[in-house]
Amino acid sequence: MTTIWHNPKCGTSRNVLAMLRASGTEPEVVLYLETPPDTATLARVAKAVGGAQALLRTKGTPAAELGLESADDVAILAAMAEHPILINRPVVITPTRTILARPSERALEILEGPLPADFRKEDGKPVA
């Protein structure tokens, strides 16, 4: 089962979800802002994507005011559990791999099938 940590207000997240579906995968969609992952899950995902700093979203979040840009993984993961807006998205979890799909083209690495030749991102651009 493929899972996506999704924020429907995020264009990148919407594009990745559309890519998954267009390639034949109907993922479990986790609205992580409403149902945040626990710290153990966050730790496992952070390890897979290059560490807690890699998973930390700083743009448009309270990361700086919480002092997280130079914090250790334990502090970052605890803050993410409390403030899920700090989790960068979209995260795609498959049985064999976990990726942070930013930019959305990263999702090409884990698609189960090819995208249709006419697939376009929501802005009309083709996937590179």
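Starting from 1, residues in each chain are numbered consecutively following that chain's sequence as written. Local features in this predicted model are restricted to residues whose pLDDT is 70 or higher, and side-chain atom pairs enter the listing and the counts only when it is 80 or higher, whereas totals over whole chains, interfaces and linings include all residues. Remark: hydrogens and water are excluded; side-chain values derive from all non-hydrogen atoms of the structure.

Caption draft 1: Just the sheet that holds strand 4 (residues 98-100), in detail. Across the sheet, which stays open at both edges, the 4 strands sit in the order 2-1-3-4 with mixed pairing between neighbours. Bordering the open sheet on either side are strand 2 (28-30) and strand 4, each of which pairs with just one other strand. Between one strand axis and the next, the sheet turns by 15° as a mean value, whatever way the strands run. Relative to strand 2, strand 1 (residues 3-5) is paired through 3 bridges, and the arrangement is parallel. For two strands to pair, DSSP has to find at least two bridges joining them. The helix and strand labels rest on DSSP assignments: H or I over at least four residues marks a helix, E over at least two residues marks a strand, and numbering proceeds from the N terminus. Axis lines are fitted through C-alpha atoms, for helices just across the contact stretch, and the angle between N-to-C directions can take any value from 0 to 180 degrees.

Caption draft 2: Spatial organisation of helix 2 (residues 39-49). Looking only at helix 2, the buried set comprises Thr41, Leu42, Val45, Ala46 and Val49. Down the axis of helix 2, the buried side of the element spans an arc of 130°, and every buried residue falls inside it. Those residues of helix 2 that are exposed and angled more than 90 degrees off the buried face are Ala40, Arg44 and Lys47. When checking whether two residues touch, look at their non-hydrogen atoms; a contact exists if any pair is within 4.5 Å. Considering only its buried residues, helix 2 is in contact with strand 1, helix 3 (52-55), helix 4 (73-82), strand 3 (91-93) and strand 4. Just past helix 2, the residue Gly50 takes up positive phi, approximately 110°. Categorising residues by exposure relies on relative accessible area from a 1.4 Å probe, with only protein chains included: less than 20% of the type maximum marks a residue as buried, more than 50% marks it as exposed, and the intermediate range marks it as partly exposed. Taken from the helix axis, the directions to the C-beta atoms give the arc we talk about.

Caption draft 3: Looking closely at helix 1 (residues 11-22). Given a rise of 1.5 Å per residue, 12 residues ought to cover 16 Å, and the 16 Å separating the end C-alpha atoms of helix 1 matches this to within 8%. Turning to helix 1, its buried residues number three or more, namely Thr12, Ser13, Asn15, Val16, Leu17, Met19 and Leu20. Along its buried surface, helix 1 packs onto strand 1, strand 2 and strand 3. Once helix 1 ends, the next one or two residues include Gly24, with phi positive near 100°. By this rule the span expected of a helix is its residue count minus one, scaled by 1.5 Å.

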